[in-house]
Amino acid sequence: MATDPALAAFLALDDHAVAAYADARAEALGLALPPETRAGVVDNLALLRRQAATFIVGAGLEATGPLEPFEP
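Residues numbered from 1 in each chain as written. Predicted model: local features only at pLDDT ≥ 70, side-chain atom pairs only at ≥ 80, totals over all residues. Heavy atoms only, no water.

## A word on the confidence of the model for the chain
Should the pLDDT be low somewhere, the predicted coordinates at that spot are not to be read in detail. Formally: Confidence scores labelled pLDDT are given residue by residue by the predictor and lie between 0 and 100. Put simply, DSSP H or I for four residues or longer makes a helix, DSSP E for two residues or longer makes a strand, and each gets a number counted from the N terminus.
The predicted model of the chain averages 82 in pLDDT, with 82% of residues at 70 or higher. Per-element confidence in the chain is highest for helix α2 (residues 18-28), whose mean pLDDT is 92, and lowest for helix α1 (residues 5-11), whose mean pLDDT is 82.

## A closer look at the side chain of R49
What counts, and what does not: Burial classes: relative accessible area under 20% of the type maximum marks a residue as buried, over 50% as exposed, and values in between as partly exposed (1.4 Å probe, protein chains only). We call two N or O atoms a polar contact when they sit within 3.5 Å, provided that within protein one can donate a hydrogen and the other can accept it, with sequence-adjacent residues counted only if both atoms are side-chain atoms. Residues are treated as being in contact if the distance between any of their heavy atoms lies within 4.5 Å.
Here R49 lies in helix α3 (residues 35-59). Assessed through its relative accessible area of 9%, R49 is described here as buried. Polar side-chain contacts of R49 include one of 2.4 Å to the side chain of D15. Apart from the residues within four sequence positions on either side, R49 is in contact with F10, L11, L13, D14, D15 and V18.

## Some words on the nonpolar core
Nonpolar side chains in soluble globular proteins generally cluster together in the buried interior. Here is the rule we go by: By convention a nonpolar core is built from buried Ala, Val, Leu, Ile, Met, Phe, Trp, Tyr and Cys residues, the set being connected through side-chain atoms within 4.5 Å.
Among the nonpolar cores identified, the biggest contains six residues, and these are F10, L13, V18, A22, V42 and A46. Of all the elements in the fold, those that place two or more residues in this core are α2 and α3. Setting aside residues no more than four positions away along its own chain, L13 makes contact with V18, Y21 and R49.

## Here's the deal with the pattern of salt bridges
Condition: Salt bridges are defined by distance alone: a side-chain nitrogen of Lys or Arg within 4 Å of a carboxyl oxygen of Asp or Glu.
All told, the structure shown has three salt bridges when counted by the stated rule. R49 is the partner of D15 in a salt bridge, and the nearest nitrogen-oxygen pair spans 2.4 Å. One end of the pair, D15, is in the loop between α1 and α2; the other, R49, is in helix α3, and 34 residues separate them in sequence. For R38, the salt bridge identified is with D23, shortest N-O distance 2.7 Å. Taken together, the residues R38 in helix α3 and D23 in helix α2 connect sequence positions 15 residues apart. The class of R38 is partly exposed, set by a relative accessible area of 29%. Through salt bridges with shared partners, one network takes in D15, R49 and R50.

Structural data, given as structure tokens:
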């Protein structure tokens, strides 16, 4: 299974770029990140990025190639 381009780009971010990513995604989706929650959102996205990267490496998934449909 491979990652799609959007996930690959998210995984390629470093922790310092996650805040800019969160702001850009919120703007693209027409959402506002309230100032009192923004830090928590950024922290959660950074953690999610690290967890997803760990999972992909641990599962031996490639970052390129055709996507495979999910089958439970």
